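Understanding the architecture of this molecule
Okay, here's what each chain looks like letter by letter:
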Amino acid sequence: MLDLLTAALLAAAAAAPAPDSARAGRVVREFRPVEVTGTRLADMGAVQSVRTLEGAALRRLPLDRYSDAVALLPGVVATGEELHVRGGRAGELAVTLGGVPLNDPQFGGAPELPLFAVRASDLMTGPLDADRAGSLAGELDVQTETPTAEPHLRARWLSDGRQYGGYDAAHLGFSGPLRRTGIGVAAAAEARLDDQGMPDLRGLARTSVLGGSFGWRADNHLLGWLKVAPVDRPQRASVELLGTRVVRAPYDPMFTYDGWVTYHEVQPTDPPGTPFIILTPKPFDASSFYYRAADHVVMTDERRLALVGQATSGMRVPLHLAGGWQHTTALTSVGLRRDTDNLTVDNLPVFGPYDQNGIDPFHAYAGDEPYYRYARADRLFARADASASPWRFHSLRAGAGLQWDRLTYTELDIASPRTPNVDSLRTYVAGAPGGFAYVQHRWTAGGLILSDGLRLQAFTAGPDAPGAHAHWTLSPRLGIAYPVSVQDAFSFAYARIEQDPARDFLYESRTRGYDRLPLGNGTIGPSEAVLWQAALKHVLDPQWTFQISVFMRDVFGEPGARNVAEPFGASQLQYEGADDAHANGVEFDVTRTYPGGGRVHAAYTFTNAWGTASNPEGIAYGSAFGDRPLPNGDHPLDWSIQHALVLDGQARARAGFTVAWATHVATGRPWTPLYRDNPYTSDWPPLYLDQSLVNSQRLPWSEQTDVDVRWTHRRLRGATLVLAVSNLFDHRGDLLADISGYPNPIINTLYDEYAAYRTETGNGGGAYWNGNGSSQRDWQPVNDPRLAQRPRTIRLGISFGD
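Given the structure is predicted, the values throughout are model-derived calculations rather than measurements. (Residues numbered from 1 in each chain as written. Predicted model: local features only at pLDDT ≥ 70, side-chain atom pairs only at ≥ 80, totals over all residues. Heavy atoms only, no water.)

What follows deals with the sheet that holds strand E6 (residues 118-125). Spatially, five strands are ordered E1-E6-E7-E4-E5 in an open sheet, and the strand pairing comes out mixed. Two strands close off the open sheet at either side, each with one partner strand: strand E1 (49-54) and strand E5 (100-101). Strand direction decides the pairing type here: E1 and E6, joined by six bridges, are antiparallel. Residue pairing across strands places Glu54 opposite Ala120, the latter belonging to E6. (Pairing = 2+ DSSP bridges. Helix = DSSP H or I, 4+ residues; strand = E, 2+ residues; numbered from the N terminus.)

Written as C-alpha cells, this is what we have:
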C-alpha cells in the first residue's frame, strides 16, 4: 500500500499524455489500482515522527495480536500486553479512533482491536500538532476497514493442539454492501485462548465434554467490531461498535498444591518441629479436606464497549464531527464471584511454617486469595473540527471538545485484617467533566514549512474528591519542516504536552490502609512533558521508505507514592504528582517493498529511560505499614531497553509458498540486586533500604524469532495452510528478575527473595530462603516459569480470503 503523495504522483504520471513521437509504438499496460489511505506518513510538513502499520502487512506477519505489530516499531517496548513508548509508562500512550480517545479514564488502558479490523494505523511520537491531545508517550491513531462494494470474507484458525502451552486462535473478517441502500458493513471477530506455556491446574469453571476439558485458560481474549458506512464515500459518515472481553486466570507457583490437607494441633509431647499441617494423597481422618490451590487464586474479567460515530460535511469550510461512548467494567475475585462472602478471617490463605521438613512456607495449603475488586467507568465524548485556508500559503485548523466521566469502584483487601485502625475497604462513586480547544496554523514559504499551535485543556477531579480544583493548561506546539529534496524532508519540533492522570489516583474513602495500596489524592493535576525532536524522513519512493529521529523527553508531575503523616502515629503512602521521568535516544527504521507483496523492514532503537520510580505505587516489597523507603534520585526504569533491533518481512517463494518472519533482539531489562551483609550466615535477605542500587544491573540479552510458512494450491480451493513457529531458536533467557509474592506475607512480599537469590548465585528462576528441616537456611529453587521466555511453540492452521 503506497502513501498519499506517492499515489498522487503515480496518478498524475498516468494521466499525463505521452509525447506524439511515442504514441505510435506505445504499449498499453494495465496496473492494479492504488489504494490511498489517510495516514500521516506522506505529510512532508509533519513535525512528528509517524510510523505506519498497514493492515495487509499485519495479516501476513507472524503475529498473535495487533499490539504485537506495534511492538515491532522503533521506540516501543512490550511488557506482556503493556506498551511503553519512548520510555513512557504503560497507559501513557493515547489510542484514538476517528479522533475519539479509547483509553479507559479510570486506569488509562485502551481496548484491543481485532487484527482483521485494522486497515492502517499511525504511531505518532514526539511533538504532536495541537489537534492531537497526545500523551506523555505519543498517540496511536487507528483507521479501521471500510465496507466494500462486493462481499468479502476472510478467516483464519491456528492451534498448537494443546501440545505447546495450550494456544487456539480464530480470526474472522467480513465486508459487503447492504442491498440497494448504498450503505455497507464491515465486521471482524477474534478469539484467542492461551495457557501461555504455564501448567493448567484449575478445575473451577471447566466442563468435561466427550473426554475433553473446556473452559477458561490462563489468558482469554474475545473481540468484536462492527462498522456501518456509505460504500462509495466511507469517510463521509460512519458508526462503529467495538466490544471486548478479556478473562485472565493467572498461574501462581505458590498456589499449586493439589491434595488432601489435615490440620494437626501440636501437642507438648510432639517432637520438636512437628508441622501443624499434614499433607496426604488421601484423607487422613474425618477432618481432612481436599484443596486444589489453583482454584483459590483470583481471576479477572474485563469487558469494554465503545461506540464511535463521525461525519464530515462538504461545506466550503470542511467540518468534522465525532463523538463516542465508552463503557468498561472489571471484576477481580476468586472464581469471578460477584460477592465478598469468601473474604473472611477464617478463609485467609494458610502457608506452611519455616524450617520444617516436608512442608514449606512458599506454598498455600488452604484458604482463598483475600482480594476483591469491581470497577466501572463510562465516558461521553464529543468534538468538532474545522479547517480553512484564509490566506495564501497559510492553513488553519481549529476545534473543541467536551467529555464527561462517571466512575464506580469497590475494592476489598483483608491481607492483614487483625491490624487495628486499618480500612480494608475502598469505595468511590465520582463524576467529572473535561474539555479542550485548540488552533493549529501552518505557513509555507520557499519550501520551508512552519507549524505552530496552541491547545487549551481543562481537567478536574470533580466534587467527589476533597480539595480538588480545576486545572487549566496551555500547551504550545512548534515545529519546522524543510524538504531537502523531492524525496526527503527534515523537521525539528518542540512541544509541551499535558496528560490528565488516570482517575483512580484521585479518589479515596479510607483514612488508613496498607502501603501496598496508597491512598488516593484529588489534588493531583495533569503531568507535563517537554519534548524535543529532530527527524529526517524519506517517503516518496514507492519502494524505499526510511525515517531517523533523535529525541529528548522530560516528564514532570507523574503520579507516585510518597509518605505522608496520618492519624494513629504512623506514616501512610499516598499518591502525589511527584515523580519525574526522562528519556533520550535515536530511532531508525527502513522498509523495502517488492512487487507481488514482498516486504522487508528493519528498525533499530537506542534509548536511555530513567526516572524517579517505575511503579506509581512505589516499591512492591516491604512492611505493610510504616515508612516505605522513597527514591533518592533517578534510576533506569524497568522498561529501559538500551538497544533493540527488529527485522521482519514477507517473501513469496515458489510452488505457492509464502514465508513471513519477525526477529527481535534487545538488551536485558534492569533489575535491583540485594546484598546480605554476610552471605555465609542464615540471615534473611535485606529489605529495600539502599535505593542507590535500584535497577543497577541488567539481565542478559533476549532474542525472539517467529516464522510463518503458508502454502496455497489450486486443489485447496482458495484455502491456505499455515505453519507457525514461535521462538524458532528456543531462546530461554530470563525476561524478569522478580515478581510480587502477594498474598504470601513474607516471601516476595516483605523481602524480594527472587532478586536476592539472583544476586548471590547468579541463577534465574527464583528461590525462597528456608531451612527445610534445619535451622541452617539455604536457597530453595522455584524455577518460576513466569520469569523466563516462553519456549518454542509450533502451531498449525488454515486461512481463507487472506
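The next thing to look at is helix H5 (residues 753-761). Where burial is concerned, most of H5 is hidden: seven out of the nine residues are buried. Backbone geometry just after H5 places Gly762 at a positive phi near 80°. (Buried < 20%, exposed > 50% of the residue type's maximum accessible area, 1.4 Å probe, protein only.)

Before going further, it helps to spend a moment on the pairing of strand E8 (residues 152-159). As paired strands, E8 and strand E9 (residues 167-177) are joined by eight bridges and run antiparallel to one another. Bridge pairing links Leu158 to Ala169 in E9. In the sheet, E8 pairs with strand E41 (residues 793-800) via five bridges, with the strands oriented antiparallel. Residue Trp157 lies in a different strand from E41, and its bridge partner there is Ile798.

Strand order across the open sheet formed by three strands is E16-E15-E17, with antiparallel pairing between neighbours. If you trace the sheet from one side to the other, it starts and ends with strand E16 (277-280) and strand E17 (289-292), each paired once. Along the sheet, successive strands turn relative to each other by an average axial angle of 40°, direction set aside. In this sheet, E17 lies alongside strand E15 (residues 258-263) in antiparallel orientation, the contact comprising four bridges. By the bridge assignment for E17, Val261 is matched with Phe289. (Axes fitted to C-alpha atoms, helices over the stretch in contact; angles between N-to-C directions.)

Moving on, we get to the confidence of the model for the protein chain. Here the protein chain averages 86 in pLDDT, while 90% of its residues score no lower than 70. In this model, residues 1-39 is a region of pLDDT below 50 whose contacts with residues beyond four sequence positions or in other chains number 33 contacts. (pLDDT = per-residue confidence, 0-100. Contact = heavy atoms within 4.5 Å.)

Right, let's talk about the side chain of Asn103 for a bit. Summarising the element assignment, Asn103 is placed in the loop between E5 and E6. Looking at Asn103, the relative accessible area reads 12%, which means it is buried. Among the polar contacts made by the side chain of Asn103, one reaches the main-chain amide nitrogen of Val95 at a distance of 2.8 Å. Among residues more than four places away in sequence, those in contact with Asn103 are Gly91, Leu93, Ala94, Val95, Gly108, Gly109, Ala110, Gln326 and Arg379. (Polar contact = N/O pair within 3.5 Å; in protein donor to acceptor, adjacent residues only side chain to side chain.)

With respect to the helices, strands and loops of the structure, Arg248 is situated in strand E14 (residues 237-248). Counting along the chain gives 150 residues from Arg248 to Gly98, while the straight-line C-alpha distance between them is 30 Å. With residues near it in sequence (within four places) discarded, Arg248 still touches Glu81, Ala218, Asp219, His221, Met299 and Thr300. Among the polar contacts made by the side chain of Arg248, one reaches the side chain of Glu81 at a distance of 2.5 Å.

Together, Leu226, Val228, Val239, Leu241, Leu305, Leu307, Trp325, Leu380 and Trp404 give the surface a local cluster of nonpolar side chains, amounting to about 730 Å² of exposed area. Secondary structure elements with two or more residues in the nonpolar patch: strand E13 (219-230), E14 and strand E18 (298-312). The residue Leu241 is located in strand E14 in this model. For Leu241, a relative accessible area of 38% corresponds to the partly exposed category. (Patch = residues over 30% accessible without salt bridge, like charges linked within 9 Å, V, L, I, M, F, W, Y side chains within 5 Å. Areas by Shrake-Rupley, 256 points an atom, 1.4 Å probe, with all protein chains shown as cover. Salt bridge = Lys/Arg side-chain N within 4 Å of Asp/Glu carboxyl O.)

Once that is clear, we can look at the nonpolar core. Most often, soluble globular proteins keep nonpolar side chains buried together rather than apart. Counting residues in each nonpolar core, the largest one holds 41 residues, and the members touching the most others are Leu53, Leu58, Tyr66, Val70, Val76, Leu140 and Val142. Broken down by secondary-structure element, the contributors of at least two residues to this core are helix H4 (66-70), strand E3 (82-85), strand E4 (94-97), E6, strand E7 (139-144), strand E10 (183-194), E18 and strand E24 (425-445). Excluding its chain neighbours within four sequence positions, the residues that come into contact with Val76 are Val70, Ala71, Leu83, His84, Val85 and Leu123. (Core = buried A, V, L, I, M, F, W, Y, C linked by side-chain atoms within 4.5 Å.)

Time to look at the environment of Asn521. By secondary structure assignment, the location of Asn521 is in the loop between strand E27 (488-499) and strand E28 (527-538). Asn521 sits 463 residues away from Leu58 along the chain, and the two C-alpha atoms are 42 Å apart. Not counting the four nearest positions on each side in its chain, Asn521 is found in contact with Phe505, Leu506, Gln574, Tyr575 and Glu576. At 2.7 Å, the side chain of Asn521 forms a polar contact with the side chain of Thr523.

Attention shifts here to the environment of Thr408. Within the element layout of this structure, Thr408 appears in strand E23 (residues 394-413). A relative accessible area of 28% means that Thr408 is categorised as partly exposed. For the pair formed by Thr408 and Ala375, sequence separation is 33 residues and the distance between their alpha carbons is 5.7 Å. Thr408 has contacts with Gln106, Tyr374, Ala375, Arg376, Tyr428 and Val429, leaving out every residue within four places of it along the chain.

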